[in-house]
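Notes for the structure review
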Amino acid sequence: MFKSCQKVVCKDANGTLTHYPYGIEKNKVYTIKEITRCKCGVELLILDGTTPYFGKKECSVCLSQVHSEAFRSDRFKPNYLTVVR
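As a starting point, this report considers the structure included with it. (Residues numbered from 1 in each chain as written. Predicted model: local features only at pLDDT ≥ 70, side-chain atom pairs only at ≥ 80, totals over all residues. Heavy atoms only, no water.)

**A word on the overall build of the chain**
- In terms of helices and strands, the chain carries zero helices and five strands.
- Taken over C-alpha atoms, the radius of gyration comes to 13 Å for the chain, in line with the 12 Å a tight globule of 85 residues would show.
- For the chain, with 85 residues in total, the buried portion stands at 38%.
- If you take every contact in the chain between residues at least 6 apart in sequence, the share linking residues at least 24 apart comes to 51%.
- Entry remark: accessible area of the chain is about 5,600 Å², with carbon and sulfur atoms responsible for 50%.
- In the chain, the 14 positive side-chain charges and the 8 negative ones have mean positions that sit 5 Å from each other. (Helix = DSSP H or I, 4+ residues; strand = E, 2+ residues; numbered from the N terminus. Rg over C-alpha atoms; globule rule 2.2 N^0.38 Å. Buried < 20%, exposed > 50% of the residue type's maximum accessible area, 1.4 Å probe, protein only. Contact = heavy atoms within 4.5 Å. Areas by Shrake-Rupley, 256 points an atom, 1.4 Å probe, with all protein chains shown as cover. Lys, Arg positive; Asp, Glu negative; His and termini not counted. Charge placed at Lys NZ, Arg CZ, Asp CG, Glu CD.)

As C-alpha cells, this is what we get:
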C-alpha cells in the first residue's frame with residue numbers, strides 16, 4: 001500500500017492495552033524511510049522525524065518484539081496534496 005519516500009498523515013495516535021505509539025501525533029505529516037513487517041505479517045512503517053522508543057516495544061497484534069521506530073501502517077493514510085488555483 002505504501003512505498004519509501006512517500007508522505008503520510010497520522011490518522012490514529014491512540015494507544016492500546018499493550019502498546020503506546022510513542023513519537024507520533026495525529027494529523028502530522030511524516031515521510032516513510034523504510035517499510036518492514038512483523039513476524040505476524042503486520043506492515044510497519046519507519047518514519048523520518050520520529051524519535052526511537054528506547055525500551056521493549058511489542059507488536060500490538062501478536063506481542064512479539066518489533067523495531068523500536070516502527071509504527072503500524074494502519075495508523076496512517078497517504079498525504080494527498082491539493083493544488084488550489
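After that view, the rundown keeps rolling.
**What about the nonpolar core?**
- Listed in full, the 11 residues of the largest apolar core are Phe 2, Val 8, Cys 10, Ala 13, Ile 24, Tyr 30, Ile 32, Leu 45, Leu 47, Phe 71 and Phe 76.
- Mapped by element, the contributors of at least two residues to this core are β1 (7-10), β2 (29-37) and β3 (43-48).
- Beyond its immediate chain neighbours, meaning those up to four positions away, Leu 45 contacts Phe 2, Ile 32, Glu 34, Ile 35, Glu 69, Ala 70, Phe 71, Ser 73 and Phe 76.
- Core analysis: the next-biggest nonpolar cluster, separate from the first, contains seven residues, Val 42, Cys 59, Val 66 and Ala 70 among them. (Core = buried A, V, L, I, M, F, W, Y, C linked by side-chain atoms within 4.5 Å.)

**Remarks on the sheet that holds strand β5 (residues 76-78)**
- Taken together, the five strands give an open sheet; going across it, the order is β4-β3-β2-β1-β5, and neighbouring strands pair in antiparallel fashion. Looking at which strands have only one partner, the edges of the open sheet turn out to be β4 (70-72) and β5. Direction aside, neighbouring strands of the sheet carry axes that sit 55 degrees apart on average.
- Two strands pair when backbone bridges link them, and β2 and β3 are joined in this way by six bridges, in the antiparallel orientation. Looking at the pairing, Arg 37 lines up with Glu 43 of β3. (Pairing = 2+ DSSP bridges. Axes fitted to C-alpha atoms, helices over the stretch in contact; angles between N-to-C directions.)

**Things to note about the pairing of β1**
- Looking at chain direction, β1 and β2 are connected through three bridges and run antiparallel. From the neighbouring strand, Val 8 faces β2, where its bridge partner is Tyr 30.
- Of the strand pairs in this sheet, β1 and β5 are connected by three bridges, and their pairing is antiparallel. Paired with Val 8 across the two strands is Pro 78, which belongs to β5.

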